[in-house]
Amino acid sequence: MLRGTCMLAALGAARALVLPRRCAAALTRRAATETERGAPKLPKGAFRPKQSLGQNYLQDPNYAARIVDALQCDSERGKRVVELGPGLGALTKLLSREYPEMVAVELDERAIPLLRERYPSPITILEGDVLAVDYSALSAARGGKLSIIGNLPYYITSQILFCLCDHHASVKKAVVTMQWEVAQRLVAKPRTRDYGILSVVFQLYANPKITCKIPNTAFYPVPKVTSALVTVEFPENRDLFPVQPAKLRTVLNTAFRQRRKMLRQSLKSILNGKPCPEEFATKRPEELKPEEFLELTALIFGRDPETPDSSGEAVWRTQKLRE
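Below you will find a few notes about this structure. (Residues numbered from 1 in each chain as written. Predicted model: local features only at pLDDT ≥ 70, side-chain atom pairs only at ≥ 80, totals over all residues. Heavy atoms only, no water.)

**Re the pattern of salt bridges**
Okay, so step 1: Taken as a whole and assessed by the stated rule, the structure comprises 11 salt bridges.
Okay, so step 2: The residue Lys 145 makes a salt bridge to Glu 236 at a minimum N-O spacing of 3.9 Å. A residue pair is termed long-range when its members are at least 10 positions apart, and Lys 145 in the loop between helix H7 (135–142) and strand E5 (146–151) and Glu 236 in the loop between strand E9 (227–233) and helix H11 (245–257) qualify at 91 residues.
Okay, so step 3: As a salt-bridge pair, Arg 259 and Glu 286 come within 3.2 Å of each other at their nearest N and O atoms. Placement of Arg 259 in the loop between H11 and helix H12 (263–266) and of Glu 286 in the loop between helix H13 (268–271) and helix H14 (290–301) is noted, with a sequence separation of 27 residues between them.
Okay, so step 4: Among the charged side chains, a network of salt bridges with common partners joins Arg 259, Arg 260 and Glu 286. (Salt bridge = Lys/Arg side-chain N within 4 Å of Asp/Glu carboxyl O. Helix = DSSP H or I, 4+ residues; strand = E, 2+ residues; numbered from the N terminus.)

What follows is the structure, given as structure tokens:
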């Protein structure tokens, strides 16, 4: 886990230089050769991708450039850009040219010295689990909302997304890769097979959008699934929920656990003997719009508005970290 004091101290070291113009940086990226833009090569035999960390390195330079182009962060020298899991540095190499004061968070201890050698200060390389990062504290240290970017491990994609959702007030935007099926769930509409908890939560907190599909051949080792590049934008002034997020989570988890049953049946365990609100009783969870779940939660538990300072609390993510 990250140590907050050391992390914030590391973040303070930076020189004030002139912010490079975005158009110039974009031209620089496109002018790079295929070799220059590809993932950095580690010493032969240094390490193999770890299955336990879900590592599938991005190896296609064209998709790397497209992912970086989608970020468009206007913070001074990129000081509020945070890359999750840089791995071999396929994105870091491009990001560092445009955002020379960025932060990267990497869990694999084998990659840390190589990343720090290739990307010295003012870039900050933090060793730790992206699920343990205090994004609210990081945002405060960097002077504003963060722009997140990364090639997410498939097996913890949802948990990383929920972690960012917990810190919604500290995140401006996330540009991330994920399994195509997970991306479809993020943007799914009611009355569709893919519509579920992920759809409801992210359509309440943010504006998710699939930017493009990425073939499995863009990664090494080649996974068995297709990926997607997704942009998640958190609105500047979202209306506060009329209920506590923890109560909303209870309703969503209970309802979607038996998604084919009517709500009067699936919600019995939290109704405490009371009847299900009449307007929802004969509906199934997949029929409700995201906003209707807020209304349903208020009818069951009463109105208890979300507080502005609730961002940062662990509501949607689990507490289990990786080793």
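There's plenty left to go through after this.
**Here's the deal with the nonpolar core**
Okay, so step 1: Among the nonpolar cores identified, the biggest contains 63 residues, and Tyr 135, Ile 148, Phe 202, Leu 248, Leu 267, Phe 293 and Trp 316 are the most heavily contacted of them.
Okay, so step 2: Not counting chain neighbours up to four residues away, the residues in contact with Leu 267 comprise Val 251, Thr 254, Ala 255, Cys 276, Leu 296 and Ile 300.
Okay, so step 3: Within the second largest apolar cluster, 30 residues are counted, among which are Tyr 63, Leu 71, Leu 115 and Ala 218. (Core = buried A, V, L, I, M, F, W, Y, C linked by side-chain atoms within 4.5 Å. Buried < 20%, exposed > 50% of the residue type's maximum accessible area, 1.4 Å probe, protein only. Contact = heavy atoms within 4.5 Å.)

**Looking at the environment of Trp 180**
Okay, so step 1: Assignment of secondary structure puts Trp 180 in helix H9 (residues 180–187).
Okay, so step 2: Looking at Trp 180, the relative accessible area reads 19%, which means it is buried.
Okay, so step 3: Once residues lying within four places of it in the same chain are set aside, the contact partners of Trp 180 are Ile 210, Cys 212, Lys 213, Thr 226, Ser 227 and Ala 228.

**As for the sheet that holds strand E2 (residues 81–84)**
Okay, so step 1: As summarised here, the arrangement of the seven strands in space is E4-E3-E2-E5-E6-E9-E7, forming an open sheet in which the pairing is mixed. Of all strands in the sheet, those bounded by a partner on one side alone are strand E4 (124–127) and strand E7 (207–214). With direction set aside, neighbouring strand axes in the sheet form an average angle of 20°.
Okay, so step 2: Sheet topology places E5 next to strand E6 (residues 171–179); six bridges connect them, and they run parallel. Across the sheet, the residue bridging to Ile 148 is Ala 174, located in E6.
Okay, so step 3: Most of the contacts of helix H5 (residues 90–98) go to E5, to which it runs at about 145°, and overall it touches E2 and E5.
Okay, so step 4: Together, E6, E7 and E9 form the strand contacts of H9, whose direction differs from that of E7 by roughly 155°. (Pairing = 2+ DSSP bridges. Axes fitted to C-alpha atoms, helices over the stretch in contact; angles between N-to-C directions.)

**Comments concerning the side chain of Arg 317**
Okay, so step 1: Here Arg 317 is to be found in the segment after H14.
Okay, so step 2: Only 2.6 Å separates the side chain of Arg 317 from the side chain of Asp 166, close enough to count as a polar contact. (Polar contact = N/O pair within 3.5 Å; in protein donor to acceptor, adjacent residues only side chain to side chain.)

**Here's the deal with the pairing of strand E3 (residues 103–106)**
Okay, so step 1: Of the two faces of E3, the one lined by Val 103 and Val 105 and the one lined by Ala 104 and Glu 106 are each fully buried.
Okay, so step 2: Across three bridges, E2 lies against E3 in parallel orientation. Bridging from a neighbouring strand, Glu 83 pairs with Ala 104 of E3.
Okay, so step 3: Note that the unit made of E2, H5 and E3 has a crossover that is right-handed.
Okay, so step 4: With four bridges connecting them, E3 and E4 associate as parallel partners. Bridge pairing in E4 places Val 105 opposite Leu 126.
Okay, so step 5: The handedness of the E3 to E4 crossover, carried by helix H6 (residues 112–118), is right-handed. (Right-handed = clockwise from strand over helix to strand, strands pointing away.)

**Some details on the packing of aromatic side chains**
Okay, so step 1: This model, assessed by the stated rule, comprises six aromatic pairs.
Okay, so step 2: For the ring pair Phe 162 and Phe 202, a centre distance of 6.1 Å and an interplane angle of 35° mean the geometry is tilted. Note that Phe 162 is positioned in helix H8 (residues 157–166) and Phe 202 in helix H10 (residues 197–205), a separation of 40 residues in sequence. Accessibility assignment for this pair places Phe 162 and Phe 202 in one class, buried.
Okay, so step 3: The interplanar angle of 75° and the centroid separation of 5.0 Å between the aromatic rings of Tyr 205 and Phe 241 together place this pair among those described as edge-to-face. On the criterion of sequence distance, the pair formed by Tyr 205 in helix H10 and Phe 241 in the loop between E9 and H11 is long-range, its members being 36 residues apart.
Okay, so step 4: Classification of Tyr 205 by relative accessible area gives buried; the value is 3%.
Okay, so step 5: Counting every residue linked through ring pairs, the aromatic cluster contains Phe 162, Phe 202, Tyr 205, Phe 241 and Trp 316.
Okay, so step 6: Above the face of the Phe 241 ring, Arg 238 is positioned so that its terminal group lies 4.2 Å from the ring centre. (Phe/Tyr/Trp six-rings, centres within 6.5 Å; stacked < 30°, edge-to-face > 60°. Lys NZ or Arg CZ within 6 Å of the ring centre and 35° of its normal.)

**Here's the deal with the packing of helix H4 (residues 61–69) against H5**
Okay, so step 1: Two numbers describe how H4 lies on H5: the axes approach to 9 Å, and their chain directions differ by 50°. Classed by the angle they form, the pair H4 and H5 counts as oblique. Remark: the crossing between H4 and H5 carries right-handed chirality. Residues Ala 64, Ala 65, Ile 67 and Val 68 of H4 touch H5, and the partners they reach there are Ala 90, Leu 91, Leu 94 and Leu 95.
Okay, so step 2: Each residue belonging to the contact of H4 with H5 can be placed in one class, and the counts come to eight nonpolar, no polar and no charged. (Parallel < 35°, antiparallel > 145°, perpendicular 65-115°, else oblique. Left-handed = near helix turned anticlockwise from the far one by under 90°. Nonpolar A, V, L, I, M, F, W, Y, C, P; charged D, E, K, R; others polar.)

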